[in-house]
Amino acid sequence: MVNGLNESGKLPVKVVYKGTANSSKEVEAVFKAANNDDKCVGVITWMHTFSPAKMWIHGLQQLKKPLLHLHTQFNKEIPWDTMDMDFMNLNQSAHGDREFGHICTRMRIRRKVVVGYWKEEETLHKIAVWMRVCAGWADSQDMLIIRFGDQMNNVAVTDGDKVEAEQRMGYHVDYCPASELMEYHKDIKNADVDALVATYFNDYDHDASLEDKSTEAYQKVWNAAKAELALRAILKAKGAKGFTTNFDDLGQTDGSYFDQIPGLASQRLMAEGYGFGAEGDWKSAALYRTVWVMNQGLPKGCSFLEDYTFACSLRINVTKSGKEISKTDQTYKYIIDIPKKYQNLGTSYRLIGIGAGQVYIFDDMDSNPATLTYETDMPTMTFGLVYK
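Caption draft 1: A look at the state of the cysteines. By the definition in use, this model includes zero disulfides. The closest cysteine sulfur to the non-disulfide-bonded C104 is located on C134, 15 Å from its own sulfur. For C104, a relative accessible area of 0% puts it in the buried group.

As structure tokens, this is what we get:
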């Protein structure tokens, strides 16, 4: 069965056969070995026949790795014409799995249960998904997140209990002063920056004028490349798996600083697997890293982005006979022109409205890039136009 699982080509992690555990001590030994093996991300149990569940108690009490209970049988069909008592004694999975499930439930053991024939596509898919989650869990057990600067002031969602996060999730979150980052920044060689800028121009669509070294625009690109090299250097030196930045803390007053939020650096480091969160959001950085690990080998990936960008504010007043209308007896459709300078900046637009103490979100109902259509029964409102 182990050979068949590994040769299926459906599982992202290799399954290693550890023998049949026939006693409480053998079960405990297998689980302790799993705990101490850094390459082991989880344990799969299968009861090929009757398995007295009390012999699992001490081992389950010791197990610290994720557990999957595979409820299956070796044979897809029961061999009615040939089976005898020997066959029945060695193939009582229905009995053994029920017994094992009972003791796990009684002990409140957290586990994944997969039911199905072990060669079937659906069964293999469920095991594969569990394996990916296990890989993400294992990676998080020594995850170091570096915060360059603190959270954005007065923002609640980016804050959190770092002690609880390390206790329950494994995340270790450290503050790193921008002054320490700038020490790495100072050591970056100009030739390395030039080489990375050349990579940018090769990899990204861009206006040819950006390559004019005499322009301010080129200098901005050059500075972005230097920031990327500095961030990569300090993350490698510290063994970090993720990081956060804060636009309020990009360097020092002595002239050693980033002249821009390191957006290109963040994108490219995320592509390498580093977690990232904006404005000190270490939880998003950790989540990105975990999802990146779970996605390895799949055709699609993951990224962190702040969905919508604020364009401008709009005050829309609807009047009748000179009187402002705050509410109508039914919804009406309204079409507004998107200011020309904000057209073609994104693929979709929204209005965020504030009226009568409430916040309303209106998606664009038309496909015209120059207009935005929405419906409401509160026509007079202050809006923010956002795009992504």
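Caption draft 2: Geometry of helix α11 (residues 263-271). Along α11, the residues classified as buried are A265, S266, R268, L269 and M270. Phi for G273, located one or two positions after α11, is positive at around 110°.

Caption draft 3: The arrangement of the sheet that holds strand β2 (residues 67-71) in detail. In spatial order, the strands read β1-β2-β3; together these three strands make up an open sheet with parallel pairing. Of all the strands in the sheet, the pair left with one neighbour each is β1 (43-45) and β3 (112-115). Strand-to-strand, the axes of this sheet are offset by a mean angle of 25°, without reference to chain direction. In the packing of helix α6 (residues 121-140) onto the sheet, the strands contacted are β1, β2 and β3, and the crossing angle to β3 comes to about 165°.

Caption draft 4: Main features of the packing of aromatic side chains. Here the structure, examined in full by the defined rule, presents 14 aromatic pairs. On the basis of an interplanar angle of 80° and a centroid distance of 6.1 Å, the ring pair of Y200 and Y204 is categorised as edge-to-face. Ring pairs connect the aromatic residues Y334, Y360, F362, Y374 and F383, which therefore count as one cluster. Residue placement shows K283 over the ring face of W282; its charged tip is 6.0 Å from the ring centre.

Caption draft 5: Quick peek at the pattern of salt bridges. Evaluation of the coordinates by the stated rule reveals 17 salt bridges. Across the pair R168 and E164 runs a salt bridge whose closest N-O atoms are separated by 2.4 Å. In this pair, R168 and E164 both sit in helix α7 (residues 162-169), four residues apart, roughly one turn of the helix. For R168, a relative accessible area of 62% translates into the label exposed. Classification of E164 by relative accessible area gives partly exposed; the value is 31%. Here the salt bridges do not stand alone but share partners, grouping D139, D142, K241 and R289 into one network.

What counts and how
- Residues numbered from 1 in each chain as written.
- Predicted model: local features only at pLDDT ≥ 70, side-chain atom pairs only at ≥ 80, totals over all residues.
- Heavy atoms only, no water.
- Disulfide = S-S within 2.5 Å.
- Buried < 20%, exposed > 50% of the residue type's maximum accessible area, 1.4 Å probe, protein only.
- Helix = DSSP H or I, 4+ residues; strand = E, 2+ residues; numbered from the N terminus.
- Pairing = 2+ DSSP bridges.
- Axes fitted to C-alpha atoms, helices over the stretch in contact; angles between N-to-C directions.
- Contact = heavy atoms within 4.5 Å.
- Phe/Tyr/Trp six-rings, centres within 6.5 Å; stacked < 30°, edge-to-face > 60°.
- Lys NZ or Arg CZ within 6 Å of the ring centre and 35° of its normal.
- Salt bridge = Lys/Arg side-chain N within 4 Å of Asp/Glu carboxyl O.

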